[in-house]
Amino acid sequence: MIFLEHHKVAAIRETRPVEFIRTTGARTSNVFAWLPIIILPATAILLVNSLQPWVFMWAISFALFFGCKWLTWWQDRRSGTPIWRNLAYLFAWPGMDATEFLNAEPRTPRPPLLSWLKAVLRTLFGIWLLWGLTPVVPAAWFLVKGWTGMTGVVFILHFGTFDLLALGWQTLGVNATPLMNAPILSTSLAEFWGHRWNTAFNRIAHDLVFRPLYRRMGAAGATLMTFLASGLVHDLILSVPARAGYGLPTAYFLLQGTGLLWERTRFGRKFISHRAGRGRLFTLVLTAIPAFWLFHPAFIRNVILPMLQAIGAN
């Protein structure tokens, strides 16, 4: 979803050609760039009462995902790029940085065999969690069952399949960076959200939310509003299909944004940088413990458990 660390965004902005920055706004003003991100989610929302809650969750997720994919492709499409590479970016890669993926130069070196082995093992671990461990968790422990199943899905997709896709594209010389970068090693919230956890949406968050607001509100205000936007999106994906828990995902991301800004204060910088263990513990506590706001009990009960039942993991 939309995760942003403003110092990383500033670095991205500084390394891009001036010509690109000046033309991005003009290119995204084209109506065809915005149609999918408007029409697809709106269509999914119209079907909310016709779909099972877990089906709607995936429908709205894919609608937002493909709308963002189209928008980033439209921004960075370039003449001369082979059609297969454009189609691959749109339909065979979950990342959101079209500039890197569509750029044929330089070619990415072939990944080592160990990277393949790790991705396969993470995928197999997710499969075991989802279809091996989850079914034996007692039904009365519905939160444990739901969280176990969700963790399995995350390992299968984000830590497994998406990594395998990245390695496959790297083997073909395409610059495809894995979306997950060992988030458990994060020593700060800034590092966690900006560099290690689900980095797919950093670029689009920068273009659509952070950069326009940065000019008016400064880095702190734009950062907080970007986390607010991410929270609202997660409420749409998680709370709307659950028909409960409204506002909890938004509160979770506002907490993350507030914590990130605290890290940038004088005391916060001193606290985080004094010992890596402090920063790692602070990040773990602030991201993991309030995660029950994000994936709240109503979402587990009304969305995840029926999904697990439908896929034979209950």
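Residues numbered from 1 in each chain as written. Predicted model: local features only at pLDDT ≥ 70, side-chain atom pairs only at ≥ 80, totals over all residues. Heavy atoms only, no water.

Okay, the overall build of the protein chain next. Along the backbone of the protein chain there are 15 helices and zero strands. Considering only contacts in the protein chain between residues 6 or more positions apart, those separated by 24 or more positions represent 70%. In the structure as shown, the protein chain presents an accessible area of about 15,400 Å², 70% of it carried by carbon and sulfur atoms. (Helix = DSSP H or I, 4+ residues; strand = E, 2+ residues; numbered from the N terminus. Contact = heavy atoms within 4.5 Å. Areas by Shrake-Rupley, 256 points an atom, 1.4 Å probe, with all protein chains shown as cover.)

What follows covers helix α7 (residues 113-133). Quick reminder: α-helices carry 3.6 residues per turn. Residues three or four places apart thus point the same way. Between its first and last C-alpha atoms α7 spans 29 Å; for 21 residues at 1.5 Å apiece the expected length is 30 Å, and the two agree. Every buried residue belonging to α7 is among A119, T123, G126, L129 and L130, and all of these are buried. Mapping the buried residues of α7 onto a view down its axis gives an arc of 120°, with all of them on the same face. (Expected span 1.5 Å × (residues − 1). Buried < 20%, exposed > 50% of the residue type's maximum accessible area, 1.4 Å probe, protein only. Arc of directions from axis to C-beta.)

Spanning 16 residues, helix α11 (residues 248-263) covers 23 Å between terminal C-alpha atoms, matching the ideal 22 Å at 1.5 Å per step. Of all the positions in α11, only P249, T250, Y252, F253, Q256, G257, G259, L260 and E263 are classed as buried.

What follows covers the nonpolar core. Grouped together as the largest cluster of nonpolar side chains are 36 residues, with contacts concentrated most on W193, F299, I304, M307 and L308. Those elements that provide at least two residues to this core are α4 (53-76), α8 (142-171), α9 (189-196), α10 (202-242), α11, α13 (276-288) and α15 (297-310). No other element matches α15, which puts eight residues into this core. Beyond its immediate chain neighbours, meaning those up to four positions away, M307 contacts W54, M57, W58 and V153. If you look at the next biggest cluster of nonpolar residues, it comprises 24 residues, including C68, L71, W74 and L102. (Core = buried A, V, L, I, M, F, W, Y, C linked by side-chain atoms within 4.5 Å.)

Right, let's get into the packing of α10 against α11. Interaxial distance between α10 and α11 falls to 7 Å at its minimum, and their mutual angle equals 155°. Compared by their axis directions, α10 and α11 come out roughly antiparallel. Both α10 and α11 take part in a crossing whose hand is right-handed. Contact residues: α10 offers A220, T223, L224, F227, L228, S230, G231, L232, H234, D235, L238 and S239, while α11 offers L248, P249, T250, F253, L254, Q256, G257, T258, L260 and L261. Residue composition of the contact of α10 with α11, grouped by class: 12 nonpolar, nine polar and one charged. (Axes fitted to C-alpha atoms, helices over the stretch in contact; angles between N-to-C directions. Parallel < 35°, antiparallel > 145°, perpendicular 65-115°, else oblique. Left-handed = near helix turned anticlockwise from the far one by under 90°. Nonpolar A, V, L, I, M, F, W, Y, C, P; charged D, E, K, R; others polar.)

Turning to unusual backbone geometry, a few remarks are in order. In this structure, A182 takes a positive phi of about 45° despite not being glycine. With respect to the element layout, A182 can be found in the loop between α8 and α9. The backbone of R243 shows a phi angle near 60°, a positive value even though the residue is not glycine. Looking at the element boundaries, R243 is found in the loop between α10 and α11.

With that out of the way, let us pick up the pattern of salt bridges. It is possible for side chains of opposite charge to pair when their charged atoms get near one another. For the structure shown, the criterion picks out two salt bridges. When the shortest N-O distance is used, the salt bridge between R122 and D163 registers 2.5 Å. Of this pair, R122 sits in helix α7 while D163 is found in helix α8, placing the two residues 41 residues apart along the sequence. Under the relative-accessibility criterion, R122 is labelled partly exposed at 24%. Given a relative accessible area of 9%, D163 falls into the buried group. Across the salt bridge formed by E191 and R196, the nearest N and O atoms sit 2.7 Å from each other. (Salt bridge = Lys/Arg side-chain N within 4 Å of Asp/Glu carboxyl O.)

With that settled, the discussion passes to the side chain of S188. With respect to the helices and strands, S188 occurs in the loop between α8 and α9. Given a relative accessible area of 11%, S188 falls into the buried group. Those residues in contact with S188 that sit more than four places away from it in its chain are E263, I272, G279 and T283.

What follows concerns a nonpolar patch on the surface. A surface patch of nonpolar side chains, amounting to about 700 Å² of accessible area, comprises L114, L117, V120, L121, L124, I127, W131 and I311. Along the chain, L117 turns up in helix α7. (Patch = residues over 30% accessible without salt bridge, like charges linked within 9 Å, V, L, I, M, F, W, Y side chains within 5 Å.)

Scored by pLDDT, the protein chain comes out at a mean of 88, with 90% of its residues at no less than 70. Overall, residues 1-27 carries pLDDT values under 50, and its contacts beyond four positions in sequence, including any with other chains, amount to 63 contacts. (pLDDT = per-residue confidence, 0-100.)

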